[in-house]
Amino acid sequence: MPESFSQWADLEAAMPSLRTALFYLLLAFVLSKPVAWVYIWTHHGTSYSRSFVHALVMLAMIVTLVMLAIGDSMARAFGLFGALALIRFRTPIKDSRDTVFLFLSVAVGITVGVQNAMLAVVGTGVSLLVAAYMFSVRFGERIDSDALVRFTQVSDTGGSETG
């Protein structure tokens, strides 16, 4: 029993080298920039926020950092989960697309943080292609026709009446 507990609570789990950590943080940055660019390109409406775009990039890097810190240690995972549970986002998200881009940024951070670069690159690329496709074909847009129709009637006296 003590042996299985020591494996579960591996407090001495290997940390990535400085070179490895810098590589994966840079990869998270490089992959999250296109996420932000596609968000900027496809966003419409009045709720655009430059700080939200910055958050998309920073979030992927922070999640990568957290995943690199956790490594294979269950004890670290529970400790970080408890610490991060104290943080609450107080900014309401008005558009569900914003939430999707936040999740994509988190997914980039997780896949890079667990050092799965291929999944990170492919997942980011495919997700952004789908987002760009749906924007370019105006997927889900309803076609509403709001128009004003104006009729002109010629009166018997030769003038025109508008009504």
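Residues numbered from 1 in each chain as written. Predicted model: local features only at pLDDT ≥ 70, side-chain atom pairs only at ≥ 80, totals over all residues. Heavy atoms only, no water.

Asks: How would you explain the overall build of the protein chain if you had to name every residue and give the values?
Replies: Tallying secondary structure elements over the protein chain gives six helices and two strands in all. Secondary structure elements of the protein chain, listed N to C terminal, follow the sequence α-α-α-α-α-α-β-β. Relative to its full complement of 163 residues, the protein chain shows a buried share of 27%. Relative to all contacts within the protein chain whose residues are 6 or more apart in sequence, the contacts with residues 24 or more apart total 73%. Summing over all exposed atoms, the protein chain offers an accessible surface of approximately 12,100 Å²; the carbon and sulfur share of this is 66%. (Helix = DSSP H or I, 4+ residues; strand = E, 2+ residues; numbered from the N terminus. Buried < 20%, exposed > 50% of the residue type's maximum accessible area, 1.4 Å probe, protein only. Contact = heavy atoms within 4.5 Å. Areas by Shrake-Rupley, 256 points an atom, 1.4 Å probe, with all protein chains shown as cover.)

Asks: Account for the nonpolar core, with residues named and values stated.
Replies: Core analysis: the largest hydrophobic core is formed by 25 residues, its most contacted members being Phe-101, Val-108 and Val-112. Of all the secondary-structure elements, those providing two or more residues to this core are α2 (18-42), α3 (50-70), α5 (96-113) and α6 (117-136). With nine residues, the single largest contributor to this core is α2. When neighbours within four sequence positions are excluded, Val-108 is seen to be in contact with Ala-28, Leu-31, Val-35, Ala-60, Thr-64 and Thr-124. (Core = buried A, V, L, I, M, F, W, Y, C linked by side-chain atoms within 4.5 Å.)

Asks: Describe in detail α6, supporting the description with residues and values.
Replies: The end-to-end C-alpha distance of α6 is 28 Å, a good match for the 28 Å that 20 residues give at a rise of 1.5 Å each. Among all positions in α6, only Ala-120, Thr-124, Leu-128, Ala-131 and Ala-132 are buried. The buried residues of α6 occupy one face: seen down the axis, they fall within an arc of 95°. Seen from the open side of α6, the exposed residues pointing more than 90 degrees away from its buried face are Met-118, Leu-129 and Tyr-133. Considering only its buried residues, α6 is in contact with α2 and α5. Remark: Arg-138 follows α6 within two positions and exhibits a positive phi of approximately 55°. (Expected span 1.5 Å × (residues − 1). Arc of directions from axis to C-beta.)

Asks: Explain the packing of α3 against α5 residue by residue, including any values.
Replies: Where α3 contacts α5, the two axes come as close as 7 Å, and the packing angle between them is 30°. For the element pair α3 / α5, the angle class is roughly parallel. Relative to α5, the crossing made by α3 is right-handed. Residues Phe-52, Leu-56, Leu-59, Ala-60, Val-63, Thr-64, Met-67 and Leu-68 of α3 touch α5, and the partners they reach there are Asp-98, Phe-101, Leu-102, Ser-105, Val-106, Val-108, Gly-109, Ile-110, Val-112 and Gly-113. Residue classes in the contact of α3 with α5 are distributed as 13 nonpolar, four polar and one charged. (Axes fitted to C-alpha atoms, helices over the stretch in contact; angles between N-to-C directions. Parallel < 35°, antiparallel > 145°, perpendicular 65-115°, else oblique. Left-handed = near helix turned anticlockwise from the far one by under 90°. Nonpolar A, V, L, I, M, F, W, Y, C, P; charged D, E, K, R; others polar.)

Asks: An account of the environment of Gln-115 is requested, with residue identities and associated values reported.
Replies: Tracing the chain through its elements places Gln-115 in the loop between α5 and α6. Remark: the alpha-carbon pair of Gln-115 and Gly-71, spanning 44 residues in sequence, is separated by 9.6 Å. Aside from chain neighbours lying at most four places away, what touches Gln-115 is Pro-16, Thr-20, Tyr-24 and Leu-68.

Asks: Before we move on, could you go through the side chain of Thr-111 and cite the residues and values that matter?
Replies: Relative to the helices and strands, Thr-111 resides in helix α5. What makes Thr-111 buried here is its relative accessible area of 15%. Only 3.1 Å separates the side chain of Thr-111 from the backbone oxygen of Val-108, close enough to count as a polar contact. Beyond its immediate stretch of four places on either side in the chain, Thr-111 contacts Asn-116, Leu-119 and Ala-120. (Polar contact = N/O pair within 3.5 Å; in protein donor to acceptor, adjacent residues only side chain to side chain.)

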